[in-house]
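One-letter residues, chain by chain:
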Amino acid sequence: LHARGESIDALTLRPAGVGDVPALVALHVAAWNDTYAPLVTGPSVDTRERQWRHAFGDLDGWFCHVLARSDGTLVGFTKGVFRPGHEIPGQLDKLFLARDYQRMGLGLRLVGGVVRRFLEANVPAMAAYVDPRNPSCGFFERLGGRWLIEPDGHANFSWYAWNDLPALARRCVMTADRSTADGPE
C-alpha cells in the first residue's frame, strides 16, 4: 500500500447503500473471477447487477459493509444474513477483497464488522458457505472456523461454523491489531 501512496488507516469500513451498487457489482465480478477463474466462470456483470438491485430493493434480514479507499473506490465487501429459526442464526454470506488488498488484516476487519453487527442483534453464532476449492479456506480456518457437523454426524465440507461470536470478535480485533503493527503478512 505504501508504494501506491495508500495507508490501511485511510480505508473506511461502512454500511453499503444502494448508491454503491455499480461499484459493488464491479468488485464482486472481479474478485469472484480472480478467486475462481481457474475452476469455473462466474456470473456476469448483468446478473450481479440484477442480484444487488434486487437485494437493495428489500433490505429486510441482511446487511452489507464495504471497505473503501479515501477516494471512495471499493476494495472489499461483506454481506451478512440473519437466519432466524436456524441452529446457526447468522450467515457470512459474502466476503470479497481485491487481491491487492489481501494479506494485510483487512479480511479480519471485514469479518469483524459482520461479527459486531450479529452480536449487536444478539446472534451468537454464524456460518459461511465456502466452496472447498476456494483458496481462502485457510483464512477461515485461521479464524477458528470448523466444518459444520450435520445432525447425522457427518462433516459438511461446504460450511464453516463459528459457535462463539464473542470469541471470534476478540480474535478479529487481536489479529487485526497485530497485522497492522507488523505490516502485511
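Student: What is the right way to read the overall build of the chain from this model?
Tutor: Each helix and strand counted, the chain has five helices and seven strands in total. On C-alpha atoms alone, the chain measures out to a radius of gyration of 16 Å, which is about the 16 Å that the 2.2 N^0.38 rule sets for 185 residues. Buried positions account for 46% of the 185 residues belonging to the chain. Once local pairs closer than 6 in sequence are excluded, the contacts in the chain between residues at least 24 apart make up 61%. In the structure as shown, the chain presents an accessible area of about 9800 Å², 53% of it carried by carbon and sulfur atoms. Side-chain charges in the chain split into 20 positive and 21 negative, and the spacing between the mean points of these groups amounts to 2 Å.

Student: Is there a simple way to think about the nonpolar core in this case?
Tutor: Buried together is how nonpolar side chains tend to be arranged in soluble globular proteins. Judged by nonpolar contacts, the single largest core of 21 residues is most densely connected at Val111, Met126, Leu143, Trp162 and Leu168. Elements with a minimum of two residues in this core: helix H3 (106-120), strand E5 (126-129), helix H4 (137-142), strand E7 (155-162) and helix H5 (165-182). It is H3 that contributes the most residues to this core, five residues altogether. Ignoring anything within four residues of it in the chain, the contact list for leucine 168 reads Val111, Val115, Met126, Leu143 and Trp162. By size, the runner-up hydrophobic cluster in this structure holds 19 residues, among which are Tyr36, Ala55, Val66 and Phe77.

Student: Looking at this structure, how should I read the pattern of salt bridges?
Tutor: A side chain with one charge can pair with a side chain of the opposite charge if their charged atoms come near. Enumeration according to the criterion identifies nine salt bridges in this entry. Between aspartate 20 and arginine 14 there is a salt bridge, with its nearest N and O atoms 2.9 Å apart. A salt bridge links lysine 94 to aspartate 93, with the nearest nitrogen and oxygen atoms 3.4 Å apart. One salt-bridge network, held together by shared partners, links Arg4, Glu6, Arg69 and Asp71.

Student: Please clarify how the packing of aromatic side chains should be interpreted in this entry.
Tutor: The description of an aromatic ring pair uses the distance of the two centres, along with the angle that the planes make with each other. Counting across every chain of the model gives 16 aromatic pairs. The structure contains a cluster of three or more aromatic residues connected by ring pairs, namely Phe139, Phe140, Trp147, Phe157, Tyr160 and Trp162. Positioned over the ring face of tryptophan 52 is lysine 79, at 5.9 Å from the centre of the ring. Sitting above the plane of the tryptophan 62 ring, lysine 79 keeps its charged end 5.2 Å from the centroid.

Student: Looking at this structure, I do not really get the sheet that holds strand E6 (residues 146-149). What am I missing?
Tutor: Neighbouring strands of a sheet are bound in pairs by backbone hydrogen bonds; such pairs are parallel or else antiparallel. Taken together, the seven strands give an open sheet; going across it, the order is E1-E2-E3-E4-E5-E7-E6, and neighbouring strands pair in mixed fashion. Of all the strands in the sheet, just strand E1 (12-15) and E6 have a single pairing partner and so form its edges. Recorded for the sheet is a direction-independent mean angle of 35° between the axes of neighbouring strands. Direction of pairing for E5 relative to E7: antiparallel, over a ladder of four bridges. Bridge pairing in E7 links tyrosine 129 to tryptophan 159. With respect to the sheet, helix H1 (residues 21-36) is in contact with strand E2 (62-68), strand E3 (74-82) and strand E4 (90-97), its orientation differing from that of E3 by roughly 95°.

Student: Mind showing me how you'd approach unusual backbone geometry here?
Tutor: Backbone geometry at arginine 103 places phi at a positive 65°, although glycine is not the residue there. With respect to the element layout, arginine 103 can be found in the loop between E4 and H3.

Student: Hey, could you run me through the packing of H1 against helix H2 (residues 45-57) in this one?
Tutor: Angle between the axes and distance between the axes: these two values describe a pair of packed helices. Remark: H1 packs on H2, axes separated minimally by 9 Å, with the N-to-C direction vectors making an angle of 130°. Viewed along their axes, H1 and H2 adopt a mutual orientation that is oblique. With respect to the hand of their crossing, H1 and H2 are arranged in right-handed fashion. Residue-level contacts link Val21, Pro22, Leu24, Val25, His28, Val29 and Trp32 of H1 to Val45, Arg48, Glu49, Trp52, Arg53 and Phe56 of H2.

Calculation notes
For every chain, the first residue of its written sequence is number 1, and the numbers climb from 1 along that sequence. With pLDDT at 70 or above as the cut-off, local features in this predicted model cover only qualifying residues; side-chain atom pairs require 80 or more to be listed or tallied, and sums for whole chains, interfaces and linings still use all residues. Water and hydrogen atoms were dropped before computing side-chain values, which therefore reflect all heavy atoms in the structure. A run of H or I in DSSP counts as a helix once it spans at least four residues, and a run of E counts as a strand once it spans at least two, with each numbered from the N terminus. A radius of gyration in this sense is built from C-alpha atoms; the matching globule rule multiplies 2.2 Å by the number of residues raised to 0.38. Residue exposure (1.4 Å probe, protein chains only): buried if accessible area is under 20% of the type maximum, exposed if over 50%, otherwise partly exposed. Contacts are assigned to residue pairs with any non-hydrogen atoms lying within 4.5 Å of each other. Only the protein chains shown count as cover for residues, with accessible areas throughout obtained via the Shrake-Rupley method and a probe of 1.4 Å. Charge convention: Lys and Arg are scored as positive, Asp and Glu as negative, and His as well as the terminal groups of each chain are ignored. Where a charge lies is defined by one atom per residue type, namely NZ (Lys), CZ (Arg), CG (Asp) and CD (Glu). Nonpolar core, defined: a set of buried Ala, Val, Leu, Ile, Met, Phe, Trp, Tyr and Cys residues in which side-chain atoms within 4.5 Å join the residues together. By definition here, a salt bridge exists when the distance from a side-chain nitrogen of Lys or Arg to a carboxyl oxygen of Asp or Glu is within 4 Å. Any two rings among Phe, Tyr and Trp, with Trp reduced to its six-membered ring, count as a pair given centres within 6.5 Å; such a pair is stacked if its planes are under 30 degrees apart, edge-to-face if over 60, and tilted if neither. Two limits define a charge over a ring: the Lys NZ or Arg CZ must be within 6 Å of the ring centre, and within 35 degrees of the ring normal. Only strands that DSSP links by at least two bridges are regarded as paired with each other. Every axis corresponds to a line fitted to the C-alpha atoms, with the helix fit spanning only the stretch in contact, and the corresponding angles, defined between N-to-C directions, vary from 0 to 180 degrees. An angle below 35 degrees is read as roughly parallel, one above 145 as roughly antiparallel, one from 65 to 115 as roughly perpendicular, and any other as oblique. The handedness criterion is simple: a crossing whose near helix is rotated anticlockwise from the far helix by less than a right angle is left-handed, and one whose near helix is rotated clockwise is right-handed.

So far we have only geometry, and geometry alone does not tell us how the molecule works.
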